[in-house]
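# Observations on chain architecture
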Amino acid sequence: MRVGFGYDIHRLTAGRKLILGGVEIPDILGEEGYSDGDTLTHAIIDALLGAANLGDIGLHFPPGNKHYLNISSLTLLKKTMDLIDTAGYEIMNIDCTVIIEKPKLAPYMQNIKLKLAEVIKITAENISVKAKTKEGIGETGSGKAVEAYAVILICRKHEPNRIK
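What counts as what
Residues numbered from 1 in each chain as written. Predicted model: local features only at pLDDT ≥ 70, side-chain atom pairs only at ≥ 80, totals over all residues. Heavy atoms only, no water. Phe/Tyr/Trp six-rings, centres within 6.5 Å; stacked < 30°, edge-to-face > 60°. Helix = DSSP H or I, 4+ residues; strand = E, 2+ residues; numbered from the N terminus. Buried < 20%, exposed > 50% of the residue type's maximum accessible area, 1.4 Å probe, protein only. Pairing = 2+ DSSP bridges. Axes fitted to C-alpha atoms, helices over the stretch in contact; angles between N-to-C directions. Contact = heavy atoms within 4.5 Å. Right-handed = clockwise from strand over helix to strand, strands pointing away. Parallel < 35°, antiparallel > 145°, perpendicular 65-115°, else oblique. Left-handed = near helix turned anticlockwise from the far one by under 90°. Core = buried A, V, L, I, M, F, W, Y, C linked by side-chain atoms within 4.5 Å.

It is worth spelling out the packing of aromatic side chains at this point. Aromatic ring pairs are reported here in terms of the distance separating the ring centres and the angle at which the planes meet. The full count for this structure, using the stated rule, is three aromatic pairs. Taking the centre distance of 4.9 Å and the plane angle of 50° together, the rings of Tyr7 and Tyr149 count as tilted. Of this pair, Tyr7 sits in strand 1 (residues 2–14) while Tyr149 sits in strand 7 (residues 145–156), placing them 142 residues apart in sequence. With a relative accessible area of 31%, Tyr7 lands in the partly exposed category. An aromatic cluster is defined as three or more aromatic residues linked by ring pairs; in this entry it consists of Phe5, Tyr7 and Tyr149.

Attention now moves to the sheet that holds strand 5 (residues 89–99). Pairing is mixed in the open sheet, where five strands are placed in the order 4-1-7-5-6. One side of each edge strand has no neighbouring strand; the edge strands of this open sheet are strand 4 (29–31) and strand 6 (127–132). Averaged over all pairs of adjacent strands, the angle between strand axes in this sheet comes to 25°, irrespective of strand direction. By the bridge criterion, 10 bridges tie strand 1 to strand 7 in an arrangement that is antiparallel. Paired with Val3 across the bridge in strand 7 is Leu153. Strands strand 5 and strand 6 of the sheet are contacted by helix 4 (residues 109–120), whose axis makes an angle of about 140° with strand 6.

Okay, the pairing of strand 6 next. As judged from the six bridges shared by strand 5 and strand 6, these two strands associate in the parallel manner. Within strand 6, the position partnered with Cys96 by the bridge is Val129. Taking the sense of rotation as the criterion, the β-α-β connection linking strand 5, helix 4 and strand 6 turns out right-handed.

Contact pair helix 1 (residues 39–51) / helix 4: the axes reach a minimum separation of 12 Å and the direction vectors enclose 40°. Taken together, the axes of helix 1 and helix 4 are oblique relative to one another. Crossing of helix 1 against helix 4: the hand is right-handed. The residues of helix 4 that touch helix 1, namely those facing Leu40, Thr41 and Ile44, are Ile112, Leu116 and Ile120.

In terms of nonpolar packing, the biggest core is built from 45 residues, with Leu40, Ile44, Ile91 and Leu116 touching the most fellow members. When residues of this core are assigned to their parent elements, the largest contribution, eight residues, is made by helix 1. In this structure Ile44 touches Leu77, Ile94, Cys96, Leu116, Ile120, Ala150 and Ile152, once residues within four positions along its chain are discounted.

Okay, here's the thing in structure tokens:
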């Protein structure tokens, strides 16, 4: 078994959509980013790549590459899942936290879990997504950014990961 940890932060700006876990959340501000800026999905991608020792999101999907301009982060997640599958791993569970002052995310949590589960190919029951605020502290607390953390457990599909 291997554990991966991911983190991402994006500024919030007018004229962009707020997308978390592939779900559009109605708000007047959205994430800045070269792709769609989906902070939660980016944290999950980094956690997956880290768990499998495959580098990070910038290595596989570098900003500035025209192929990734405004791309859906769920597409990047699908490509990441192909890398994880090729490396011989499967996902056991995911635990995530999104930090944003507003809007409240509770009404969207089940849709986020279902959307992620569809791409990752595990049950929504094996994906935990929580929302927190920073109580007005820092850039995120003042409503200027959104952050996300993800921890992921993966295991080998076939043979155990041990030294012989």
